[in-house]
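# A closer look at the structure
As a plain string of letters, each chain reads:
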Amino acid sequence: MLRVHDDLYRDDVLADPFRYYGALRETDPVHWNADFKTWVVTRYDDVSWVLRHPEFFSSAFYAREERPITPPIDSGDEAVHEYVSAFRATEIIQNDPPTHTRLRAPFRHPFSPKLIREWRQVIRNVVSDLLDAVEARGKMDVIEDLGRPLPLRVISEMLGVPTGDRELVKKQAEERMQSAISLAPDRMRRAADAIREGCEYFDRLLGERAASPRDDLLGVLVKAERAGCYTRAESVSNAQGLLDAGHETTIQLIGNGTLAFMRNRDQWDLFTSSPEALAVTATEECLRYDPPLFALRRIVAADCELRGKHLSEGDRVLWVIASANRDPRAFDDPDVFDIRRQPNRHLSFGGGIHYCLGQYLARLEGQEVFTQLASRFPKLRLETEEVEYAHLRGVRSLKALPVSWN
Amino acid sequence: MRAPKGAVTVSVDQAVCVGNAACVGTAPDVFVLDDNRQATVANPDGAARDVIVEAAENCPVSAITVLDAVTGETLYP
């Protein structure tokens, strides 16, 4: 049996999670990683099972986790770590029922496909503006010129963040995300500073919204407060949570998806022949093939058995989307990028009660980006074959993706 | 036999369905998940017509088609 090492933060694992977790999937699908003290679940069926049993697999990681943080943070930052944890613990996705049910309820309707569909034209216009800005240049960085500005502008507009504050909010979001995805020892301090700023900012904005109601997501939070469903601390935290969730992941969908197209020229050529007709299945395939989040975690809430292994209360569980989406038991030719693949039951949005709230919004953003790129720049090509990933956990985040089209 | 007024014909495209179960949440008497976690229609009369149309509108992969059972008119998409 192939011996698989346990260093999940090694460069080769972060740069190519498909290879590493794919090897685990085939040799030890429910693997105990002794270094990280976590179970690593890599098969499609098992990941799907974990997602559908929140009674065994808790999302309340911050509330339940008592072991020291890994990798370590700067000494003296224990208090800021506690502050960040207390803040994160009030986010929708960090909770189990019944709190999770209560916090998620107000957003069910605003994030339903029916209402999100009304944002399609806004998304289309933003993509179009961003491409107008770079067209004459003949080249761009997909991450900086398209991936970063698009989702932020859309989610800011949905929330009701004033146009003039977008840069401020973007900086806060980028710093705040450090606590979740960075491996650097100063990550908690940086996140804490941004969270403090963000809390003050959104507290003020929510106050304004309460005084003069508007039909946006901050308005939804204000209504939830009035109904006794949300406390002010919860709405301040979840306003930032929505911003972060709608931001970081969509950047990866756009970057990793465009890269997949460029590395599979036949699929790009096929796509440019009729982008509108193929936009839906192509976006699903981008989501499957190189998912924005490649692994997430749970914590065992009650002892259970999985594939003959005994999981005990308090054990950490890493469920790996990157390997589940490439499981040959679930997909034909899983390593082939096939933009007509159907059905495409990837797990990139998770599943069960925590199924990504913004999944339909992300889909629309992906569809609009890829369609317009293909219609306007069919000759799109990579400016370099050497792409670099940021040293982050859980996300495969391109540092840059330079392309040209003339 | 003619379909009663207001009745609908509902179908789920199995090639498209990803088992999200949003439809089951909206109209649990109409849609069920089978053993493969694919949505199927258990009873097209299990909910009011606008509820069924709403379930179709909120399918994240647009797998559901709803027709007027009498006129054949497409109600969704």
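Notes on the structure in this doc start here.

Turning our eyes to something else, we now look at the packing of helix α8 (residues 120–135) of chain A against helix α10 (residues 149–159) of chain A. Residues and elements named next belong to chain A. Where α8 contacts α10, the axes come no closer than 10 Å and their chain directions differ by 145°. Pair α8 / α10 crosses with right-handed handedness. Contacts from V122, I123, V126, V127 and L130 of α8 reach α10 at P149, L150, R153, V154 and E157. Broken down by class, the residue content of the contact of α8 with α10 amounts to eight nonpolar, no polar and two charged.

Before going further, it helps to spend a moment on the pairing of strand β5 (residues 295–300) of chain A. With two bridges connecting them, strand β3 (residues 57–58) of chain A and β5(A) associate as antiparallel partners. Directly across from A:S58, in β5(A), lies its bridge partner A:I299.

Attention shifts here to unusual backbone geometry. Going from A:P97 to A:P98, the amide bond is cis rather than trans, its omega being 5°. Inspection of the secondary structure puts A:P98 in the loop between α5 (78–88) and α6 (99–108). Geometrically, the link from B:Y76 to B:P77 is a cis peptide bond, its omega value of 5° lying close to zero. Residue position: B:P77 is located in the segment after β5 (74–76). Positioned with a positive phi, A:K37 is a non-glycine residue whose angle comes to about 50°. At A:D333, a residue that is not glycine, the phi angle is positive and equals roughly 40°. Its location among the elements puts A:D333 in the loop between α18 (321–324) and α19 (359–376). The class for A:D333 is exposed, based on 9 C-beta atoms found within 10 Å.

All names here are of chain B. The antiparallel open sheet is built from three strands, whose spatial order is β1-β4-β5. The open sheet terminates on both sides in strands that have one partner only, identified here as β1 (8–12) and β5. Sheet twist, expressed as the mean angle between neighbouring strand axes with direction ignored, is 25°. Alignment of strand β4 (residues 64–68) against β5, held across two bridges, turns out to be antiparallel. Note on β5: the bridge partner recorded for L67 is T74.

So, about the pairing of β4(B). Residue and element names in this part refer to chain B. With five bridges connecting them, β1 and β4 associate as antiparallel partners. Within the sheet, the bridge partner assigned to T9 lies in β4 and is L67. Between β4 and the antiparallel strand that follows it, β5, lie five residues; G72 among them carries a positive phi value of about 80°.

With that settled, consider the sheet that holds β3(A). Residues and elements named next belong to chain A. Here five strands make up an open sheet; going across it, the order is β1-β2-β8-β5-β3 and the pairing mixed. In the strand order of this sheet, the two ends are held by β1 (30–33) and β3, each with one partner. One ladder, built from five bridges, connects β5 with strand β8 (residues 316–320); its direction is antiparallel. Bridge pairing in β8 places A295 opposite V320. Running at roughly 125° to β8, helix α3 (residues 44–51) makes contact with β1, β2 (38–41), β3, β5 and β8 of the sheet.

All names here are of chain A. Two elements in contact, helix α14 (residues 217–226) and helix α15 (residues 232–263), have axes whose closest approach is 10 Å; the angle formed by their N-to-C orientations is 160°. If you check the angle between α14 and α15, you find them roughly antiparallel. The interaxial crossing formed by α14 with α15 has right-handed handedness. Residue-level contacts link L217, L218, L221, A224 and E225 of α14 to R232, S235, N238, A239 and L242 of α15. Looking at the contact of α14 with α15, its residues break down into six nonpolar, two polar and two charged.

What counts, and where the lines are drawn
Residues numbered from 1 in each chain as written. Chains lettered and ligands numbered in written order. Predicted model: local features only at pLDDT ≥ 70, side-chain atom pairs only at ≥ 80, totals over all residues. Axes fitted to C-alpha atoms, helices over the stretch in contact; angles between N-to-C directions. Helix = DSSP H or I, 4+ residues; strand = E, 2+ residues; numbered from the N terminus. Left-handed = near helix turned anticlockwise from the far one by under 90°. Contact = placed C-beta atoms within 7 Å. Nonpolar A, V, L, I, M, F, W, Y, C, P; charged D, E, K, R; others polar. Pairing = 2+ DSSP bridges. Buried ≥ 20, exposed ≤ 12 C-beta atoms within 10 Å, placed from the backbone. Parallel < 35°, antiparallel > 145°, perpendicular 65-115°, else oblique.

Remember that the coordinates give geometry; whether it matters functionally is a separate question.
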